[in-house]
Every structure is written in structure tokens, then in C-alpha cells.
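These are the residues of each chain, in order.
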Amino acid sequence: MAVASSPAPPQAPPKPTWDPRRPAPPLPWLRPTIRIRLTLLYGGMFLIAGILLLSIIYLIAAQALNVGSELPFKITQGSVASDICNLPSGVSPDVMNKAMDSCVNDQRQHALDSLLSRSLLALLGLAIIAFAFGYAMAGRVLSPLGRILRTARAVAGSDLSRRIELDGPDDELKELADTFDDMLERLERAFTAQQRFVGNASHELRTPLAINRTLLEVHLSDPGAPVELRQLGKTLLATNERSEQLVEGLLLLARSDNQIVERKPVDLAEVAGQAIDQVHGEAEAKGVAIRGEQKSAVVQGNGVLLERIALNLVQNAVRYNVPEGGWVEVTTEVQHGQAVLTVTNTGPVVPAYEVDNLFEPFKRLRGADRTGSDKGVGLGLSIVRSVARAHGGHIVAQPREGGGLVMRVTLPV
């Protein structure tokens, strides 16, 4: 039988490079970026050096002018006229000398004050130029980091073909860029190998399921087949179809790098109801009652994978329950703008420190009910966590008082 080649794997949508739960800063300039810090460092060092230089010049000028000292000469006879100082006339030489000392010292202080004010204005202007120059130089020095950042953002959007290819001197930044390029090349090879493996696995898994479906359809088309066999064939055909859908969903999940590409509205209440219907027979056989109210909670996602979440949780709740009088409560609702699926069950006491191990592949709790049993292979909750993360949600497990667990899956609506 000829099998059509599988289509090219879809590309995952770009992943956000920020945490959407954290609000963006109101002003980007308030972010303490490396460029801003280098600018403050350059400008601050220039400002400190300018203040020190101005202080030294001021002290030297004050010492040279001898502010507050007497004049090196004295008037012994006659009078002195000045256009700057208001000197008295017709007074004794001592009074005239004191008036001249006061006038000259005032002029010295005025010169120092003028020197200080103009120097401060010049220092302010040079500081502004220094900060601007430092900002420009910091941007030039950090431009390779900007290229690295843009490439990293492109890679975060699943574009592993991008490379930095930084030119320039063989310094630490170029070494960092070359190392990043080497890492991207290894990641691209690994991702390509993973896609090739997924394509091969898709072919190998689809072929036997397609053969089984064909054989069952041929058997059901026989009008002479007994009623019991026809009913069994319909059951097997439905099971085979569900297996095909599950394989398609898991392969889609693997190809899209844990991101759901094709999203459709799915009601968690309907998904939980289907899971309850599938486990109803097993629950009756074990004497476990299933209860709970399923309210409408519509999310955007893959219906087959979301049904696998509910089915795995309900199956685990039924299988790992108390021998008599056990119950499982399945509820769906919308809380705080998010869809919540909660599965609560009675069962053995689960230590709080063992809860995290439930989601690890091929790991089970220590105890007779879970270790060494034939109830599963230890992948159910791992799949649940993976599918929940692929839909942008998460799952939390809590021990229930008196025994059992409370599983809560939260998904964005």
C-alpha cells in the first residue's frame, strides 16, 4: 500500500520574549540598561574630574589674589581718585589705606565669584556634551550586543537559521558572538534531526493504524458477518479512529515544538463529559462514583489533546482510589478569566513531598497501590503537564485531606 508522504511540519508561532504577566515599564528610558549605566559612568567620571579641576583652579586663584590681605603699599600723603571705589577725600592716610584695602579686596572677591560662576556654566555645558558623547560611544561599543539580542529574539521565534556573523576586532564580544553562532548551528542540527525523526515516526505509526482501519472497514462491509462481530468491529473501528486522532495530535505537538499551531474553540465541559463517559464502565466495576458539575469553559486549543488531559486525570482518579466507597469529582468552570478543570478523588494518603514526582516520566509513588502495578506505565501525568504547557496553561497537584489528590488544570480562555 502506497502511503503519501507527510506534509512539511508547520512552523510554531513566535514565542514572546517577555513575560506577559509583568507590565512593561511606563518609560523605556527608566530601564537601567548597560548603555545608560555606561553613559552615567562616563559622564559621572568627567563631572567629578571637572569639579576637582575647578576646585583646584579656584583655590590657586584665591591664593594668588590674596583675598582679605592688606595692600603691599601705603599712602602717606596726598589723595587717591578711583572710578570703581568710592574713596573718601580729605581724610588721614590711615583711613584712606583702610578704604583702599576694603575696595581692592571687594574687587578680588568679585573676580573670584565671576571666575566660579563662569566656570560652573562651562562645566555644565561640557558635562552635557560629555554625557551625549558617552551615550554615543556606549551605543557604538554595545552595538554588537544589540545584534546578538536581535538574533536571539529571532531564534526565540523558531528561526534557527539566523546567525550573528559579527565582524570587527577579535575581542570578547566577537568571541561571544562566535560562540553563540556555534550554539545555534548545533541547535539547528538537533532540531532538524528531531523533525526528521518525527516525520519517520509519523509514517511508522500511521501505516499500521491505516491498515487496521482498512481491514475493519472491509470486515464491516461483509453483509454475512454475525451481529456480535459487527458490533465488535464497530467498537474496534472507533478505538482505532481515536488512536489515529491521538497520534496525529501528539505528532502535531512534537512538530510544533510544544506549541499548538492549529487552535479551535473547545469546551472543557464537553471534553470532561467525554472523558467521564469513557471511564464510566471502569468506575462502576471498581465501585467508584463519579460526580461534579461541568460548567461551560471554552478555550482555544486542540480538542484531542485536551480530551487526553481530562481522560488521563479521570482514569488516574478512578484507578488509584479506595477499595470501597470511593468517589471522583470532576468540575469545569471559568475563574478570574481562566478555564479551570479540577479532578478530585478519594484514595491513599499522598505525602506532600512526593507530589512533584507524579509528573516525572516513568516515576510512581512509593506504595503498594502504585509501585509495580499494571495500571499504567507512568506517562499519564507527564502527558497532561506537557499538553497543558503547550496550551499556555499549567497543572497543580495538591494532597487531599483524608487521602487522594486534587488536580487543577488552568488554561487561558
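Bear in mind that the values here come from a model prediction, so they are computed numbers and not experimental data. Position labels on residues start from 1 in each chain and follow its written sequence. Predicted model: local features are reported for residues with pLDDT of at least 70 only, side-chain atom pairs are reported and counted for 80 or more only, and whole-chain, interface and lining totals are derived from all residues. Side-chain metrics rest on all non-hydrogen atoms present in the structure, leaving aside hydrogens and water.

## Notes on the overall build of the protein
Going along the chain from the N terminus, every DSSP run of H or I of four or more residues is numbered as a helix, and every run of E of two or more is numbered as a strand. When its secondary structure is counted, the protein shows seven helices and seven strands. In sequence order, the secondary structure elements of the protein are arranged as α-α-α-α-β-α-β-β-α-β-β-α-β-β. The buried share of the protein, taken over its 413 residues, is 32%. Residues count as neighbours in contact if any of their non-hydrogen atoms are within 4.5 Å of one another. Of all intrachain contacts in the protein linking residues separated by at least 6 positions in sequence, the fraction that spans at least 24 positions is 70%. With an accessible surface of roughly 25800 Å², the protein has 59% of that area assigned to carbon and sulfur atoms. For every residue, the accessible area obtained with a 1.4 Å probe (protein chains only) is divided by the maximum for its type, and the residue is called buried under 20%, exposed over 50%, and partly exposed between those limits. Exposure was quantified through the Shrake-Rupley algorithm and a 1.4 Å probe, taking into account, for residues, occlusion by the shown protein chains and nothing else.

## Observations concerning the sheet that holds strand 6 (residues 394-399)
The rule for pairing is simple: two strands pair if DSSP sees at least two bridges between them. Read from one edge to the other, the open sheet built from five strands follows the order 2-4-5-7-6, with strand pairing classed as mixed. In the strand order of this sheet, the two ends are held by strand 2 (289-291) and strand 6, each with one partner. Taking each pair of neighbouring strands and ignoring which way they run, the sheet shows an average axis angle of 15 degrees. Axes here mean lines fitted to C-alpha atoms, for a helix over just the part in contact, with angles spanning 0 to 180 degrees between N-to-C directions. Running at roughly 175 degrees to strand 4 (residues 327-335), helix 5 (residues 268-286) makes contact with strand 2, strand 4, strand 5 (338-345) and strand 7 (405-412) of the sheet.

## A look at the pattern of salt bridges
Think of a salt bridge as a Lys or Arg side-chain nitrogen and an Asp or Glu carboxyl oxygen that are within 4 Å of each other. A complete count under the given rule lists four salt bridges for this structure. Between K174 and D178 there is a salt bridge; the shortest N-O distance is 3.2 Å. Of this pair, K174 and D178 both sit in helix 3 (residues 172-220), four residues apart, which is roughly one turn of that helix. Residue class for K174 comes out buried when judged on its relative accessible area of 19%. D178 sits in the partly exposed class, given a relative accessible area of 28%. The partner of E282 in a salt bridge is R319, and the shortest N-O contact between them spans 3.0 Å. Placement of E282 in helix 5 and of R319 in helix 6 (residues 303-319) is noted, with a sequence separation of 37 residues between them. Owing to a relative accessible area of 27%, E282 belongs among the partly exposed residues under this scheme. The class of R319 is partly exposed, set by a relative accessible area of 22%.

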